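# Fold and contact review
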Amino acid sequence: MRRKALRFSVNEIELYGEFLLPEDDLSYEKKTFLVFLHEGLGSVGQWKDFPDQLCEKTGLPGFVYDRWGYGKSSYCPAPRTVDYLHREAIDFLPVVLNRVNIEKPILIGHSDGGSIALIYSGVYPDAVKGVITEAAHVFVEEVTLNGIREAVKIYEKTDLKKKLAKYHGEKAEVVFRGWSETWLSSDFRDWNIENFLRSIKAPLLVIQGRDDQYGSPSQVEAIVRGVSGMAEPLLIGGCGHIPHFEARDIVLNAMCGFIERILKAS
């Protein structure tokens, strides 16, 4: 795959993204795109080569971008609000896809990105061909909060800030505090997006590690139970919060099979 970087404006905010395109294949314009949505501390760079591998195995083009305040996208000065994931899904993602001329993609979202994919698919049910989530949340659990509290300790006692700065630069502190303080706030305890699930019609693949330090299998069960369309659960033993790194072969095979079934059915 070859990568093509671009900067584009959404609601007067400059974002950064990369197309993943087959070498010397102009037919990609007629194909379904895989759109990757990063996690709460993530960025284009933190996906590493996983999007390339999935695009190569499926023969599909891809698109990955840094959300507002992350990676190489514009700095986000305001503190996060409780509905920040709703805003990303409802206000930003439709404009992003329009700006890069992608219609009816297969969304692949990790953690926060998975929750964004679910909200978007519930609000715009005819705008997606399929959805794959990894470690997505639809409600707040105590295990989630405990995992974030532990992450705060690690951030304050180790070189995690330096590692995040590799991808987010001077925004690293704001990225981490925005994520951790929002989730740990009292206002966020009642956050819940299960009401969006019943409107989702596109096929879903719902992936989570059984040892995910930020969520229990109850998240997967709620998603599968809540959607109106077909949903396939995949719980991976011996795997934590980042299945596409910790169980790459299992995840690649599962995603490729799911995508193949979607394309055959369409």
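Residue numbers run consecutively from 1 along every chain, following the written order of its sequence. For this predicted model, a pLDDT threshold of at least 70 governs which residues receive local features, and a threshold of 80 or more governs which side-chain atom pairs are given and counted, while totals over whole chains, interfaces and linings are taken from all residues. Calculated side-chain values reflect all of the structure's heavy atoms, with hydrogen atoms and water omitted.

## Quick look at the side chain of T133
Filter applied, for reference: In this text, helices come from DSSP runs of H or I with a minimum length of four residues, and strands from runs of E with a minimum of two, each type numbered from the N-terminal end. Residue burial is assigned from relative accessible area. The probe radius is 1.4 Å, only protein chains are included, and a residue is buried under 20% of its type maximum, exposed over 50%, and partly exposed in between. The contact rule is simple, with two residues in contact once any of their heavy atoms fall within 4.5 Å.
Among the structural elements, T133 can be located in strand β6 (residues 130-134). T133 sits in the buried class, given a relative accessible area of 1%. When residues no more than four places from it in sequence are discounted, the contact partners of T133 are G109, G114, L118, L205, V206 and I207.

## What about the layout of surface pockets?
The criterion, for reference: The way it works is a 1 Å grid over only the protein atoms, where trapped points that fit a 1.4 Å probe form a cavity and open points with protein on both sides within 12 Å along at least five of seven lines form a pocket, and then any residue with an atom within 4 Å of a point lines it. Grid points are joined across faces, edges and corners, and a volume is the space filled by probe spheres set on the points. Residues are grouped as follows: Ala, Val, Leu, Ile, Met, Phe, Trp, Tyr, Cys and Pro are nonpolar; Asp, Glu, Lys and Arg are charged; every other residue, Gly included, is polar.
Of the pockets and cavities examined, the largest pocket occupies roughly 760 Å³. Around the largest pocket sit 34 residues that line it, and E39, L41, Q46, L160 and I242 are the ones nearest its centre. For the lining of the largest pocket, the secondary-structure elements that each account for two or more residues are α4 (142-157), α5 (160-168), α6 (172-184) and α8 (243-246). Take the lining of the largest pocket: its biggest share by element is 6 residues, from α4. Here the residues of the lining of the largest pocket are counted per class, giving 13 nonpolar, 14 polar and 7 charged. Together, 21 residues line the second largest pocket, and C76, A78, P79, R80 and T81 are the ones closest to its centre.

## Some details on the pattern of salt bridges
Test applied: The rule for a salt bridge is simple: a side-chain nitrogen of Lys or Arg has to be within 4 Å of a carboxyl oxygen of Asp or Glu.
This model, assessed by the stated rule, comprises 12 salt bridges. Two residues, E18 and R3, come together in a salt bridge whose shortest N-O distance is 2.6 Å. Residue E18 is found in strand β2 (residues 13-21), and its partner R3 is found in strand β1 (residues 2-10); the two are separated by 15 residues along the sequence. By relative accessible area, E18 is classed as buried at 11%. D52 is the partner of R3 in a salt bridge, and the nearest nitrogen-oxygen pair spans 2.6 Å. Of the two residues, R3 is situated in strand β1 and D52 in helix α1 (residues 50-58); the sequence distance between them amounts to 49 residues. With relative accessibility at 32%, the residue R3 sits in the partly exposed group. Each of E156, K161, E173 and R177 takes part in one network of salt bridges that share partners.

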